[in-house]
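# Architecture and fold: a report
One letter stands for each residue in the lines below.
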Amino acid sequence: MEYDIVVIGAGASGLMFASQVKNKKIAIIESNAKIGQKIKISGGAKCNITNENVSFKNYLGDKEFVKNSLDFFSNKDLLNFLNKNGVYPKINPKIVKGTYFCNSSQDVIDMFTKLTSHTKKFLNTKVIDVKYDKEFLVNTSKGLIKAKNLVVASGGLSYASVGASPIAYEIAKEFGHEVTPTKPALVGFTVQKEQFWFKKLSGISCEVDIKVDEKRFNGKLLFAHKGCSGPAVLNASLYWQKGKITIDFMPKKKLEPLLKGNKNISTALPLPKRFMQEFLDSIELKDKPVSKLSLEEKDKLKTIKNYEFSPAGTFGYTKAEVTSGGIDISSIDKNSFESKHQKKLYFLGECLEPTGELGGYNFQLYFSQAYLCASNFK
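Just so it is clear, the structure is predicted and the values come from calculations on it, not from any experiment.

What counts and what doesn't
- Residues numbered from 1 in each chain as written.
- Predicted model: local features only at pLDDT ≥ 70, side-chain atom pairs only at ≥ 80, totals over all residues.
- Heavy atoms only, no water.
- Helix = DSSP H or I, 4+ residues; strand = E, 2+ residues; numbered from the N terminus.
- Buried < 20%, exposed > 50% of the residue type's maximum accessible area, 1.4 Å probe, protein only.
- Disulfide = S-S within 2.5 Å.
- Core = buried A, V, L, I, M, F, W, Y, C linked by side-chain atoms within 4.5 Å.
- Axes fitted to C-alpha atoms, helices over the stretch in contact; angles between N-to-C directions.
- Parallel < 35°, antiparallel > 145°, perpendicular 65-115°, else oblique.
- Contact = heavy atoms within 4.5 Å.
- Nonpolar A, V, L, I, M, F, W, Y, C, P; charged D, E, K, R; others polar.
- 1 Å grid on protein atoms, 1.4 Å probe; cavity = no way out; pocket = protein on both sides within 12 Å on 5 of 7 lines; lining within 4 Å.
- Points joined across faces, edges and corners; volume = space filled by probe spheres on them.

We now examine unusual backbone geometry. The phi dihedral of A45 is positive, around 70°, even though this residue is not glycine. With respect to the helices and strands, A45 occurs in the loop between α2 (37-41) and β3 (48-51). Take A45: its relative accessible area is 39%, and that puts it in the partly exposed class. We note that D213 has phi near 55°; this positive angle belongs to a residue other than glycine. Mapped onto the elements, D213 comes out in the loop between β13 (205-212) and β14 (215-223).

Glancing now at the state of the cysteines. Scanning all chains against the criterion turns up zero disulfides. Looking at C228, it has no disulfide partner, and the nearest cysteine sulfur is the one in C206, 10.0 Å off. Free cysteine C351: the closest other cysteine sulfur is in C373, separated by 11 Å.

The subject of this paragraph is the nonpolar core. Formed by 122 residues in total, the largest nonpolar core has its most connected members in F17, F249, L269, F275, L301, I304 and F347. Of all the elements, helix α11 (residues 361-374) adds the most residues to this core, at nine residues.

Between helix α3 (residues 63-72) and α11, the least distance of the axes is 8 Å, while the angle of their chain directions is 75°. Judged by the angle between their axes, α3 and α11 are roughly perpendicular. Every residue of α11 that contacts α3 at F65, V66, N68, S69, L70 and F72 is listed here: Q364, L365, S368, Q369, Y371 and L372. Its residues assigned to classes, the contact of α3 with α11 comprises seven nonpolar, five polar and no charged.

This part is about the layout of surface pockets. Put simply, the largest pocket is a space of about 810 Å³. What lines the largest pocket is a set of 46 residues, and nearest its centre among them are K38, S154, G155, G156 and E350. Where the lining of the largest pocket is concerned, the elements lending two or more residues are α1 (12-20), α2 and α11. Tallied by class, residues from the lining of the largest pocket come to 18 nonpolar, 22 polar and six charged. Computed from the structure, the second largest pocket encloses a volume of approximately 590 Å³. Lining the second largest pocket are 23 residues, and of these V96, K97, N218, G219 and N235 sit closest to its centre. Elements with a contribution of two residues or more to the lining of the second largest pocket: β14 and α7 (231-239). A per-element tally of the lining of the second largest pocket places β14 first, with six residues. Residue composition of the lining of the second largest pocket, by class: eight nonpolar, seven polar and eight charged.

Here it is, written out as structure tokens:
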């Protein structure tokens, strides 16, 4: 079986690429029984597909490489493309600020099913390895597939339950590419002994500001039985290496005006009572009338606006939205996504180094890359 183009992976970038190239004999190889399985579970099955404010500043990685793709196919271009094909995302600010969600992830999958009807799909098919001898020889669980051009869009390591595998990195290394260290990103934090009180609050959430390095994120923090999660935490995890992060548990309130009157601390501060009880225990401060606090006790309480801690780690790849790190983009052409080591070999999407924040930024980048790459085949 020989094809003009073989696409490995039927996720966002693979499907967008295949949908745009109509004049070639294309095959898509997918390890799952159906296409778009990571799309299906994204955004709580609503597919957080883009954001109203998309900038290269929302990404970790080479800014120029990211900007080039976004300039070619913007968030407005993506929304027009979706609308033209019967998908009408809307902003839901209650979940993540500025994020466009679809009515259902299945709408996106159905759209791509129609747009890729011209392709041959090998489902439930795993890629074992790839060699090159005048053409690409893709060794799969269902036999050998030959390709004049090979597009690797098989994703990263997050969510093994929907077929995540390291095959993209293995192919890249086979053809001389460097792969930078990967890590789980957009994922919750586990905590050290000093923050075990977080676990007692599992299920409680509050609005916070989180600062990590020079980045600051506002949003929900959700206490979990392993530590903490929620949109603000997930964004912070993208930029966290090791070391401390800082949390403001009252981002829209000043502390001093609340320390007047005879109310107890847990009542005077506008936070869940269970949270206040555990927080006060953690800083060894009794719940007492705010009027009776000493200067030393007030200083202790100020940590509620500036709570520093070092996460023990993250919840790992099984809970991570995406994989950070990956194929070094210095050896990838930013306009075609062709390998600089091997002609007619292309890499797209999550397997590449740049990674976006929470809120539709990753899907936007994957679609932009695929659209730009596909423009070279028209």
